[in-house]
Amino acid sequence: MTSLLDNLLSGLALGSVYALVALGFVVIFKASGVLNFAHGSLLLLGGYLTAVLHDDLGFAGALALSVVVTAAVAGALDRFLLQRGEPDPQAAHVQTIVTIGVDIVLVTDLSRRIGGDLLSLGDPWGDSVHELGPVTVADSRLAAIVVSAVVIGAVFALFRFTAWGLSLRAAAEDLEAAALMGVRLTRVRTLAWCLAGALAALAAVFLVAFPAPGLERATGQIALKAFPAAILGGMASPGGALAGSVLIGLTEAFVVGYQSELHVLGEGFGDVAPYAVMVLVLLVRPTGLFGAKGAARV
């Protein structure tokens, strides 16, 4: 029972962090139709900035600045590199490929700066733990669940109760109709990229916190485990991204926790388990858990 509860808490913590990253994928896709393969490198950028600035600014100041800078970089990437002229849904495929090139450039530069080091982000939780009944849980995991829940709630409120959220939903439904109704598509899209960058920078803190060893060159690749979560939920569904993230987090935690019983699947199966779950779900529901079938006139 103790092992079950420990894996459950670990899975919820992982899922909550993956949800921050997956929401970034979904927000960008809803606003621009682009699959942002540079999202992992944006997360690595946010984590790196926090790591190098926390000695001078303190953890809170470094995190705040890294969130702002990463959001600005994401917005500038979209505004000055991807957008050309009027928004065109047909250009999304080309822009998706461009994000692969951007990811290579960012990861190469950040990997050169990080080298073989493990960088600490200076988070206030350190390696402290709490006893919750029979389970010992790291404070960083509890913080991940609480902070992610607050931030995700704020993002959903942003979608539901603000003019930008209404414009985003309108643009996701019909780009041309939204433009005819006066929606400023360029602004909506750029703000979506900024929001995704900010969420990625925040997620970096919890991905590398204890019991993880710290920020390293491969951290951006670890963040891409949130990509199956976004696919599972349906790329245009924020609620689906949340549900998919929890499913992926629990799957990874339980596979790692019961690795000895699952040795027949091979060592390190936990690394590929999220993608295996994604494939199995898509075999049954090709549009994702919350995806809707599209209708096309002919």
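Quantities reported herein were computed from a predicted structural model and do not represent experimental measurements. (Residues numbered from 1 in each chain as written. Predicted model: local features only at pLDDT ≥ 70, side-chain atom pairs only at ≥ 80, totals over all residues. Heavy atoms only, no water.)

1. Observations concerning a nonpolar patch on the surface
(1) Moving on: Side chains of Val-279, Leu-280, Leu-283 and Val-284 sit close together on the surface and give an oily, nonpolar patch of about 440 Å² of accessible area.
(2) Moving on: By secondary structure assignment, the location of Leu-280 is in helix α11 (residues 269-284).
(3) Moving on: Classification of Leu-280 as exposed rests on a relative accessible area of 55%. (Patch = residues over 30% accessible without salt bridge, like charges linked within 9 Å, V, L, I, M, F, W, Y side chains within 5 Å. Areas by Shrake-Rupley, 256 points an atom, 1.4 Å probe, with all protein chains shown as cover. Salt bridge = Lys/Arg side-chain N within 4 Å of Asp/Glu carboxyl O. Helix = DSSP H or I, 4+ residues; strand = E, 2+ residues; numbered from the N terminus. Buried < 20%, exposed > 50% of the residue type's maximum accessible area, 1.4 Å probe, protein only.)

2. Some remarks on the packing of aromatic side chains
(1) Moving on: A complete count under the given rule lists six aromatic pairs for this structure.
(2) Moving on: With a centroid separation of 5.3 Å and 65 degrees between ring planes, the pair formed by Phe-25 and Phe-227 is classed as edge-to-face. With Phe-25 in helix α1 (residues 2-32) and Phe-227 in helix α9 (residues 226-233), this pair connects stretches of sequence that are 202 residues apart. When sorted by exposure, Phe-25 lands in the same class as Phe-227, which is buried.
(3) Moving on: Given the relative accessible area of 19%, Phe-227 is considered buried.
(4) Moving on: Chaining the aromatic ring pairs together yields one cluster made of Phe-25, Phe-37 and Phe-227. (Phe/Tyr/Trp six-rings, centres within 6.5 Å; stacked < 30°, edge-to-face > 60°.)

3. A word on the confidence of the model for the protein chain
(1) Moving on: When pLDDT is averaged across the protein chain, the result is 85; 92% of the residues are at 70 or more.
(2) Moving on: Across the protein chain, the element-wise mean pLDDT spans from 73 in helix α6 (residues 175-180) up to 94 in helix α2 (residues 39-82).
(3) Moving on: In the predicted structure, residues 294-298 sits below a pLDDT of 50 and forms zero contacts with residues beyond four places in sequence or in another chain. (pLDDT = per-residue confidence, 0-100. Contact = heavy atoms within 4.5 Å.)

4. Notes on the side chain of Ser-16
(1) Moving on: Tracing the backbone through its elements, the reader meets Ser-16 in helix α1.
(2) Moving on: For Ser-16, the residues in contact, after removing those within four places along its chain, are Ala-144, Ile-145, Ser-148 and Ile-152.

5. Considering the pairing of strand β1 (residues 129-132)
(1) Moving on: Bridging between β1 and strand β2 (residues 135-138) involves four bridges; their strand directions are antiparallel. Each bridged residue has a counterpart across the sheet, and for His-130 the counterpart in β2 is Val-137. (Pairing = 2+ DSSP bridges.)

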